[in-house]
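Understanding the architecture of this molecule
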Amino acid sequence: MMHVRSQRSALWWALALVVAGCVPGTRDENGPGPPFGGGPPKRLGPGPMFGAATTSVKPARPITGGTLLALSDERTAIAADPDRDRIFVADYLASQVLADLALELIDRHALGRGPAPDLLAISFSSTDYVGHEYGPDSHELLDTYARADRELARLLAKLDAAVGAEGYALVICADHGAGEAPEKLISLGYDAGRLETGGGGGHRSKMGRDRRAIEQAMDEALGKKLGDDERWIAHFGDGEIHLDRARLKAQGVELRAAAEAACAALTKQRGIAAAFTKTQLLEGRFAPNDRVARALRLSTHPLRSGDVAFALKPFWLASRLTASHGTPNLYDQRVPLLWMGPGVPRGRVVDEAVTPADVAPTLAAMLRVEPPAGCEGRVLTQVIGRP
Ligand SMILES: [Zn+2]
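Keep in mind that what you see is a predicted model, and the values were worked out from it rather than measured.

Moving on to helix 8 (residues 209-222). Taking 1.5 Å of rise per residue, 14 residues should cover 20 Å, and helix 8 covers 20 Å from first to last C-alpha, within 8% of that figure. Among the residues of helix 8, Asp210, Arg211, Ile214, Glu215, Met218 and Leu222 are the ones counted as buried. Here the buried residues of helix 8 occupy an arc of 140° about the axis, which is enough to place them on one side. Close packing links the buried residues of helix 8 with strand 6 (233-237) and helix 10 (255-267).

As structure tokens, then:
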């Protein structure tokens, strides 16, 4: 996010509140979770995290004032019924209500009409939920996109009327692509499949077969035979394995040896393209041109990541959802990045690799302020039309 020195207000709006008929409240993005189950919604005002948003980088042109708004129809706790929330967001109406809220806030906060720039971030997340439920090529998702497009048109018309076409810049991007449902791909003759990594409540005999196979291969590699209610793997999912520290200790097995055993077992498993131990990734022990390893490395946090990371083969899925995302495969990794605004050349297609990480520094350059500290992207000079 753009660093804003002393913004007038910074709010995280939870659409669920509006839908539930509550007064919209703020939500601390880093907080323990939305507090609006049964209690009264919080009053409007800056959330505690935003006080810490000031960075040590001195802006070239200090911004004082300005509003930072983040809107989302991302699934949040709605009323007391979690299922209703899911049904609602997996519905085109969510984008419509979200756009209504954005339109209302543009007026209420007089966005774009003060002396300082305002930042409005909107996450149309229904597309994600509908994609998970029905698959990326489904009629349901095409319909959701068509309707989200209509909502964008309403938003642009509103901004044109409120601040004029030259009065704002717009960036549209996505945080991931998606893979198709493996069953559909199999029916079309692709090498595709679904990994069975379900937990089985701690009992090996009830685990998904792929998870069970890895547990057994680890027994063999480590020279230990665990019982049916014992397991090496505490968590298997989201492209990583977390080993059970207590089990390793009880069995007198070194973490490193167990991670290597799990890694070796994974690489022999169906549907797995590559696996690396966390240590291997952190130490950079992979070929420099290995783009899968590089992607896994970029996703690795020294403390929070699993002990082993893995990548699925194209068209394979390790989830019970109809379709999903989160692999380093190109259909999953590539996203659109669209820009419009003052100085942005009309109709230009940038024919080189860019990334959503370029959004923050490019917006900073447009506003003639320094980019946020720790910024990884670069300024897209092709977009802002000046070197
Ligand atoms: Zn998703």
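Here the focus is the nonpolar core. In terms of nonpolar packing, the biggest core is built from 32 residues, with Met218, Ala258, Ala262, Leu266 and Val308 touching the most fellow members. Within the residue set of this core, elements represented by two or more residues are helix 8, strand 6, strand 7 (240-243), helix 10, strand 8 (272-277), helix 12 (291-298), strand 9 (308-312) and strand 10 (316-317). Setting aside residues no more than four positions away along its own chain, Leu266 makes contact with Ile214, Ile272, Ala275, Val308 and Phe310.

One open sheet accounts for 4 strands, arranged 6-7-9-8; its pairing is antiparallel. One side of each edge strand has no neighbouring strand; the edge strands of this open sheet are strand 6 and strand 8. Within this sheet the neighbouring strands show an average axis-to-axis angle of 15°, counted without direction. In this sheet, strand 9 lies alongside strand 7 in antiparallel orientation, the contact comprising 2 bridges. Of the residues in strand 9, the one forming a bridge with Glu240 is Ala309. Along the sheet face, helix 12 touches strand 8 and strand 9 and points at about 50° away from the line of strand 8.

Analysis parameters
- Residues numbered from 1 in each chain as written.
- Predicted model: local features only at pLDDT ≥ 70, side-chain atom pairs only at ≥ 80, totals over all residues.
- Helix = DSSP H or I, 4+ residues; strand = E, 2+ residues; numbered from the N terminus.
- Expected span 1.5 Å × (residues − 1).
- Buried ≥ 20, exposed ≤ 12 C-beta atoms within 10 Å, placed from the backbone.
- Arc of directions from axis to C-beta.
- Contact = placed C-beta atoms within 7 Å.
- Core = buried A, V, L, I, M, F, W, Y, C linked by C-beta atoms within 7 Å.
- Pairing = 2+ DSSP bridges.
- Axes fitted to C-alpha atoms, helices over the stretch in contact; angles between N-to-C directions.

By themselves, these are just geometric observations and shouldn't be taken as functional.
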